[in-house]
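Working through the structure, step by step
One-letter residues, chain by chain:
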Amino acid sequence: EEHRPPRMTGFPDLPPIREVPQPVLADSDVPGLYGNCVQAALASALGLELEVVPHFAQFTWWDIAVRLWLRGRSMDWESQEGNAVPNGRSIVAGMSPRDTEHAVVGEGGKIVWDPHPSRAGLTVVTNYYLLVRWPDPGKDRICLFCRQPV
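1. Topic: the pairing of strand β2 (residues 90–95)
Judged by how many residues are buried, β2 sits mostly within the fold: five of six residues are covered. In this structure, β2 lies alongside strand β3 (residues 101–107), joined through six bridges in antiparallel fashion. In the strand pairing of β3, Ser-90 is matched with Gly-106.

2. Section: the environment of Pro-54
Take Pro-54: it is sitting in the loop between α1 (37–46) and α2 (62–71). Residue Pro-54 is classed as partly exposed on the basis of its relative accessible area, which comes to 25%. For the pair Pro-54 and Gln-39, spaced 15 residues apart in sequence, the C-alpha separation works out to 6.3 Å. Beyond its immediate sequence surroundings of up to four residues, Pro-54 is in contact with Gln-39, Phe-59 and Trp-69.

3. A few points about the pattern of salt bridges
Applying the stated rule across the entire model yields four salt bridges. Beyond isolated ion pairs, a larger network of salt bridges with shared partners links Arg-67, Arg-71 and Asp-76.

4. Examining the layout of surface pockets
There is about 570 Å³ of room inside the largest pocket. Lining the largest pocket are 24 residues, with Gly-35, Cys-37, Glu-101, His-102 and Ala-103 sitting closest to its centre. Among the elements of the structure, α1, β2, β3 and β5 (124–133) are those that each provide at least two residues to the lining of the largest pocket.

5. Looking at the nonpolar core
If you look at the biggest cluster of nonpolar residues, it comprises 27 residues, and the most contacted ones within it are Leu-42, Leu-46, Leu-70, Trp-77 and Ile-91. Elements with a minimum of two residues in this core: α1, α2, β1 (75–81), β2, β3 and β5. With eight residues, α1 is the single largest residue contributor to this core. What Trp-77 contacts, discounting residues up to four positions off in sequence, is Leu-42, Trp-62, Asp-63, Val-66, Arg-67, Leu-70, Ile-91, Tyr-129, Leu-130, Leu-131 and Val-132. Ranked by size, the runner-up nonpolar core spans six residues in total, among them Val-92, Val-104, Val-125 and Tyr-128.

6. Side note on unusual backbone geometry
Phi is positive for Asp-99, close to 60°, though the residue is something other than glycine. Among the secondary structure elements, Asp-99 is positioned in the loop between β2 and β3. Residue class for Asp-99 comes out exposed when judged on its relative accessible area of 62%. Located in the positive-phi region is Arg-119, a residue other than glycine, with phi close to 55°. With respect to the helices and strands, the residue Arg-119 is situated in the loop between β4 (110–113) and β5.

7. Quick notes on α1
Most of α1 is tucked away, with ten of its ten residues classed as buried. Taken together, the buried residues of α1 touch α2, β1, β2, β3, β4 and β5. Count one or two residues on from α1 and you reach Gly-47, which has phi positive near 70°.

8. Description of the confidence of the model for the protein chain
Residue-level pLDDT values for the protein chain average 88, and 88% of them are 70 or greater. In the model, residues 1–9 has pLDDT below 50 throughout and makes eight contacts with residues more than four positions away in sequence or in other chains.

About the thresholds
Residues numbered from 1 in each chain as written. Predicted model: local features only at pLDDT ≥ 70, side-chain atom pairs only at ≥ 80, totals over all residues. Heavy atoms only, no water. Buried < 20%, exposed > 50% of the residue type's maximum accessible area, 1.4 Å probe, protein only. Helix = DSSP H or I, 4+ residues; strand = E, 2+ residues; numbered from the N terminus. Pairing = 2+ DSSP bridges. Contact = heavy atoms within 4.5 Å. Salt bridge = Lys/Arg side-chain N within 4 Å of Asp/Glu carboxyl O. 1 Å grid on protein atoms, 1.4 Å probe; cavity = no way out; pocket = protein on both sides within 12 Å on 5 of 7 lines; lining within 4 Å. Points joined across faces, edges and corners; volume = space filled by probe spheres on them. Core = buried A, V, L, I, M, F, W, Y, C linked by side-chain atoms within 4.5 Å. pLDDT = per-residue confidence, 0-100.

Following this line, the structure appears as structure tokens:
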């Protein structure tokens, strides 16, 4: 039997990363104008067109909105604070060289795609969102809103 290296995520059929650029940039002079780095990073990480992914930064509870959207695709993400980039495919957040919060795509312990036109990445990693399969048979299902078992 042929030896295969272990996958970095629980997705044997996860498509290759698609380098989707971020067309909407944050502008501190325009109240309510949020850049769409999360939208572009998610589209990139999942191999999708930008238009398929909502612009979650415009949502009040954007994290819950992302998780509900991912669960509709049999996925979820697990948030973890810290300055590391995980081995699995993830959305990595932190501060950009432009001194704004930003999101990029991580895999294999490094940043693999920055959707911002500068491609400058992050100066500081503050947390990441590891993409995982959902539901995970090894975990209890918990409601995103009330945190009670379902």
